[in-house]
Number of protein chains: 2
Amino acid sequence: MTGRLYGLGLGPGDPELLTLKAHRLLTTSPVIAYPQPDNGPSFARQIAAPYLRSDQLEVPIIVPMRVERFPAQDVYDEAAGRLSHHLDAGADVAVLCEGDPFFYGSFMYLFERLAHRYPTEVVPGVSSMMAAAAAYGRPLAARNDVLTILPGPLEDEVLKARIEAAQAVVIIKLGRHFPRIRALIASMGLENCTGYVERVSLEAERLSPLADVSETSAPYFSMLLIYKGAEDWARSSAARTER
Amino acid sequence: MTGRLYGLGLGPGDPELLTLKAHRLLTTSPVIAYPQPDNGPSFARQIAAPYLRSDQLEVPIIVPMRVERFPAQDVYDEAAGRLSHHLDAGADVAVLCEGDPFFYGSFMYLFERLAHRYPTEVVPGVSSMMAAAAAYGRPLAARNDVLTILPGPLEDEVLKARIEAAQAVVIIKLGRHFPRIRALIASMGLENCTGYVERVSLEAERLSPLADVSETSAPYFSMLLIYKGAEDWARSSAARTER
């Protein structure tokens, strides 16, 4: 009997936004794996930290942070090999994933290497864009809205056409693309319809109308919400809800 | 001191997909409100049922199921009035929401009537589309994919243009629009790139390649996932994961 592989969605950051199921599998799996950048701590591990025990074996997967490239696949070849040893030995392995494992997540790279060899279950999690809408106190999408999610690295002309065709837009993966995207949004006359969200659901959470953001770059865990036709919603909404 | 209003995202159906936070607020709020159709049980209440206690006051909000119309606003005027009585008396009120409260949810109608008068918190939940991708064992979106969510009642020409412009598409609110949407997808040559999902995460969960679905209508809690350029993914993916 091999072990089981779990991809656990841990939600946007607040440890209380884990699901009961993710909590159960996190606390009963003997092996806990998580991505970790080569220049800092693992955010996924930070979310799970209140629930981890010293008798669980931790397996960090060190992911080089390279500019503008997807992680080298040999990182995941090697990680899959290490996890296979534990699975072959009959140990269940839980892979920790920020947000939802299958919403632009890196768990897919382990899944495609291991799911055909071991019983595998993906546990969905709360996405940071749902948490951002909740924090702002404004629906992410409603009625018959078209909602489009756009990765920031896409070219301006693609972003522009997709923004024009939707009622509600979420732009993720801002990083160093932030000044370019901000200029695009301003050129479309949508700056007052856009809210900026950083580290949602954490102590350091920051909500701001885009017009009030002075920085020229944005952290990885940030996003923009655009609601067309809703002038100044980001200013008026954020004050309404408590967190 | 008034009570606090909570909008609790309960996730897609499996009671274990509640967050720890939703579970805490559900079990500590003295008043529990939920939408209920006039022709059957409340799905939100069914998700929460394992955790409800007899000393909690339940307040069903009866929503008439009308064809092709959004619920009459007087339903929410009246419900907001009833919840106000409890909030004014100092009781916390938890409103149960399927999935995520602000992802095409009806909680917005209560929120816009009450959030400016009472301390209000929206607790994000796991969306059924995240759960559908997890069940299929295929990322909802990856890398720099454009992901678009489309409500089924939109006209064919709108749906077609938005499907053409995205890599990954989720179509929600199928219902009686199902045959029309299916014909559209077939006319675009995408039938083999489309998976059908019904009652995800419940006992009655059903995953099927669209080409194998024989029904001419679809229940409210169903959706389509389209991955362009991925022929027959729905046939090959579903078999891979255990649930």
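Residues numbered from 1 in each chain as written. Chains lettered and ligands numbered in written order. Predicted model: local features only at pLDDT ≥ 70, side-chain atom pairs only at ≥ 80, totals over all residues. Heavy atoms only, no water.

In the annotation of an unreviewed UniProt entry, chain A is listed under the name Precorrin-2/cobalt-factor-2 C20-methyltransferase and assigned to Rhizobium paknamense. Quoted verbatim from the Sequence similarities (unreviewed entry) heading of the UniProt record, the comment on chain A is "Belongs to the precorrin methyltransferase family." Per its UniProt entry, chain A bears the Pathway (unreviewed entry) comment "Cofactor biosynthesis; adenosylcobalamin biosynthesis." (UniProt positions renumbered as here; feature names shortened; annotations may be inferred.)

Caption draft 1: Broad picture of the packing of aromatic side chains. Residue and element names in this part refer to chain A. In total, this model carries 20 aromatic pairs over all chains according to the counting rule given. Summarising the aromatic geometry, the rings of Phe43 and Phe221 are spaced 4.5 Å apart at their centres and angled 55° between planes, so their arrangement reads as tilted. Of this pair, Phe43 sits in helix H2 (residues 43-48) while Phe221 sits in the loop between strand E9 (206-209) and strand E10 (222-227), and the two are 178 residues apart along the sequence. For Phe43, a relative accessible area of 13% corresponds to the buried category. Since its relative accessible area comes to 35%, Phe221 is described here as partly exposed. Taken together, the aromatic side chains of Phe43, Tyr220 and Phe221 make up a single cluster linked through ring pairs. For Arg138, the ring lying beneath its charged end belongs to Tyr227, and the centroid distance is 4.3 Å. (Phe/Tyr/Trp six-rings, centres within 6.5 Å; stacked < 30°, edge-to-face > 60°. Helix = DSSP H or I, 4+ residues; strand = E, 2+ residues; numbered from the N terminus. Buried < 20%, exposed > 50% of the residue type's maximum accessible area, 1.4 Å probe, protein only. Lys NZ or Arg CZ within 6 Å of the ring centre and 35° of its normal.)

Caption draft 2: Region of the structure containing helix H4 (residues 107-114) of chain B. All names here are of chain B. The element H4 is extensively covered by neighbouring structure, given that 7 of its 8 residues are classed as buried. Within the sequence span of H4, burial applies to Phe107, Met108, Tyr109, Leu110, Phe111, Arg113 and Leu114. Among the structural elements, strand E1 (5-9), strand E3 (57-63), helix H3 (73-88), strand E4 (93-97) and strand E5 (120-123) are those in contact with the buried residues of H4. (Contact = heavy atoms within 4.5 Å.)

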